[in-house]
Amino acid sequence: MASIETVTLEVADPTAADRFYTNAFGLDTQIQLSASEAPTTGFRGFTLSLTVPQPATVNSLIDSALDAGATPLKPATKSLWGYGGVVQAPDGTIWKVATSAKKDTGPVSRQIDQIVLLLGVADVAASKRFYVDQGLTVGKSFGRMYVEFEAGSSPVKLALYRRRALAKDAGVTPDGTGSHRITIGGDTGPFTDPDGFAWQAATPARTP
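What this report covers is the structure whose coordinates are included nearby.

Thresholds applied
Residues numbered from 1 in each chain as written. Predicted model: local features only at pLDDT ≥ 70, side-chain atom pairs only at ≥ 80, totals over all residues. Heavy atoms only, no water. Pairing = 2+ DSSP bridges. Helix = DSSP H or I, 4+ residues; strand = E, 2+ residues; numbered from the N terminus. Axes fitted to C-alpha atoms, helices over the stretch in contact; angles between N-to-C directions. Contact = heavy atoms within 4.5 Å. Core = buried A, V, L, I, M, F, W, Y, C linked by side-chain atoms within 4.5 Å. Buried < 20%, exposed > 50% of the residue type's maximum accessible area, 1.4 Å probe, protein only. Phe/Tyr/Trp six-rings, centres within 6.5 Å; stacked < 30°, edge-to-face > 60°. Expected span 1.5 Å × (residues − 1).

For the rest of this paragraph, the subject is the sheet that holds strand 4 (residues 46–51). Strand order across the open sheet formed by eight strands is 5-6-7-4-8-11-10-9, with mixed pairing between neighbours. In the strand order of this sheet, the two ends are held by strand 5 (71–78) and strand 9 (138–142), each with one partner. If you compare each strand with its neighbour and ignore which way they point, the axes differ by 15 degrees on average. Of the pairings in the sheet, the one linking strand 6 (residues 83–88) to strand 7 (residues 94–99) comprises six bridges and is antiparallel in character. Within the sheet, the bridge partner assigned to G84 lies in strand 7 and is A98. Contacting strand 4, strand 5, strand 6 and strand 7, helix 2 (residues 55–67) crosses the sheet at an angle of about 15 degrees to strand 6.

Put into structure tokens, the structure is as follows:
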């Protein structure tokens, strides 16, 4: 089964970004970084989500992200599906921290259950067909609204969402131009998907 092996964020200052992700979320091997000055404006067409066990964990991670220099986009609040908030890292990447739990069931921790890469696409059904042709396996599908692929042993799950809906969920406008500033590494490819997201052969190590 094809899956994501690495996610590389293209940032202006990899050393500063490495420091942020370590201090904010405790991420060290899950996200890779590379230097880039590729022009980009506005919404880059994707978000990264951290799925965590309980609301206290959401608060802990968002607070540490803000302390490390993130910008708040949506405060952590309750919703029909659970509890979560959204911040933007200093490098411009949008992160959502969320849980399906409505109440805390244990002590505060910084446990991350899963990382989800959500791509904002023009046509969910067309992108779904494209990725199935590349060897990915559909886990959940809600028509032309949302598709989630099986992650297998990967630390990162891939999902597709309509671009405008994803931007609204993140608390930003959908307008944006230039580079996505992200490269996806997997055991399939290299290729570029219909919305311009580039995949390459995965590299095992991360260096700041």
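With 45 residues, the main nonpolar core has L9, Y21, F25, W95, L117, L119 and Y131 as its most contacted residues. Considering every element that reaches this core, the biggest residue donor is helix 1 (residues 14–25), with five residues. Counting residues in hydrophobic clusters, the runner-up holds ten residues, among them F43, I94, V116 and A167.

The subject of this paragraph is the packing of aromatic side chains. Using the criterion set out here, one finds twelve aromatic pairs in the structure. Their ring planes at 85 degrees and their centres at 5.4 Å tell us that F130 and Y131 sit as a pair that is edge-to-face. Accessibility classification places F130 together with Y131 in one group, the buried group. Ring-pair connections join several aromatic residues into one group, and the members of that group are F130, Y131, F149, F191 and W199.

Before going further, it helps to spend a moment on helix 2. For helix 2, built from 13 residues, the straight-helix expectation of 18 Å at 1.5 Å per residue is met to within 8% by its first-to-last C-alpha distance of 18 Å. Among all positions in helix 2, only P55, A56, T57, V58, L61, I62, S64 and A65 are buried. For helix 2, the secondary structure elements touched by its buried residues are helix 1, strand 4, strand 5, strand 6 and strand 7. Of the residues flanking the end of helix 2, it is G69, one or two places downstream, whose phi is positive at about 115 degrees.

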